[in-house]
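Listed below, chain by chain, are the residues.
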Amino acid sequence: DELLIEHPDFFLSQLDVAQEIYTGFLQEAAAGYLLERLAPLGERRPEDPVYPIIRVRWLDRVGKAEEAAAFLEQQPKDQLVFQQERASFYFRHGRYDSAAEAYLQLLRNNPQNQTYHRQLGECFYRQGRREEAALIWERIPAAAGKTLSSYLMLSEIYKQHGEYPKAIAALKERAKRWKLL
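What counts, and where the lines are drawn
Residues numbered from 1 in each chain as written. Predicted model: local features only at pLDDT ≥ 70, side-chain atom pairs only at ≥ 80, totals over all residues. Heavy atoms only, no water. Helix = DSSP H or I, 4+ residues; strand = E, 2+ residues; numbered from the N terminus. Buried < 20%, exposed > 50% of the residue type's maximum accessible area, 1.4 Å probe, protein only. Contact = heavy atoms within 4.5 Å. Axes fitted to C-alpha atoms, helices over the stretch in contact; angles between N-to-C directions. Parallel < 35°, antiparallel > 145°, perpendicular 65-115°, else oblique. Left-handed = near helix turned anticlockwise from the far one by under 90°. Nonpolar A, V, L, I, M, F, W, Y, C, P; charged D, E, K, R; others polar. Phe/Tyr/Trp six-rings, centres within 6.5 Å; stacked < 30°, edge-to-face > 60°. Lys NZ or Arg CZ within 6 Å of the ring centre and 35° of its normal.

Participant: Before we go on, may I ask you to explain the overall build of the protein in this structure?
Facilitator: Of regular secondary structure, the protein possesses 13 helices and zero strands. Listed N to C, the secondary structure of the protein is α-α-α-α-α-α-α-α-α-α-α-α-α in terms of helices and strands. When each of the 181 residues of the protein is scored for burial, the buried share is 41%. Sequence-distant contacts, at least 24 apart, represent 42% of the contacts inside the protein between residues at least 6 apart.

Below is the structure:
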């Protein structure tokens, strides 16, 4: 408690460690204790998104996903950090329709982001929409400026899904573009 009052920034920097210690031994009671300690910091700095994000993650980690989701939905829809957290949260919980919608919103604001393309495709793939997933993934190199890493990402995606000929084709395209053969 003293650390929280006297050095709130240090407290925040050690939250992951504190969470592991408390929740590892005391489970839900510890999470409640830590959430109570976090509340005053959030009230002192309402504009700082770190407090609500930590709250969402703690709630989720101790098995209160529905409470975490409800709290997350109360956060501003137009702030990037909350958009990213929503997309990630929905994806982790298998809510692929909601995750896809969130990744589409993120892509509207940042169409070059390879990770958003990858995750959107993954949402479609996990919904059984394989062709749509492939179309999204095929856009990664163009969206990223046809960089070396974009072809590597595309190859890795296909490899993870057992699409070895497509993975090899992406690597060959990378080699051709960058004269590596």
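Participant: It is not clear to me how unusual backbone geometry should be interpreted in this structure. Could you clarify?
Facilitator: Peptide bonds are, in most cases, trans, and in most cases residues other than glycine have a negative phi. Not every positive phi belongs to a glycine, and Lys146 is a case in point at roughly 55°. Assignment of secondary structure puts Lys146 in the loop between helix H11 (140-143) and helix H12 (148-160). By relative accessible area, which is 35% here, Lys146 ends up partly exposed.

Participant: Sorry if this is basic, but what is going on with the packing of helix H7 (residues 80-92) against helix H8 (residues 96-109) here?
Facilitator: A packed helix pair is summarised by two numbers, namely the angle formed by the two axes and the spacing between the axes. Running from amino to carboxyl end, H7 crosses H8 at an angle of 150°, the nearest separation of the two axes being 8 Å. Classified by the interaxial angle, the pair formed by H7 and H8 is roughly antiparallel. Between H7 and H8 lies a crossing whose hand is left-handed. Residues Leu80, Gln83, Gln84, Ala87, Ser88, Tyr90 and Phe91 of H7 pack against Tyr96, Ser98, Ala99, Ala102, Tyr103, Gln105, Leu106 and Asn109 of H8. Residues that form the contact of H7 with H8 fall into these classes: nine nonpolar, six polar and no charged.

Participant: What should I look at first to understand the packing of aromatic side chains in this one?
Facilitator: The geometry of two aromatic rings is summed up by the distance between their centres and the angle between their planes. This structure, assessed with the given rule, holds five aromatic pairs. Taken together, a centroid distance of 6.3 Å and an interplanar angle of 45° make the contact between Tyr103 and Tyr116 tilted. On the criterion of sequence distance, the pair formed by Tyr103 in helix H8 and Tyr116 in helix H9 (residues 114-126) is long-range, its members being 13 residues apart. A single burial state applies to Tyr103 and to Tyr116, both of which are buried. Relative to Tyr158, the ring of Trp137 lies with its centre 6.0 Å away and its plane at 90°, an arrangement referred to as edge-to-face. You can see Trp137 sitting in helix H10 (residues 130-138) and its partner Tyr158 sitting in helix H12, a full 21 residues away along the chain. Judged by relative accessible area, Tyr158 falls into the buried class, the value being 1%. Among the aromatic side chains, those forming a connected cluster through ring pairs are Tyr125, Trp137 and Tyr158. Positioned over the ring face of Tyr125 is Arg130, at 4.0 Å from the centre of the ring.

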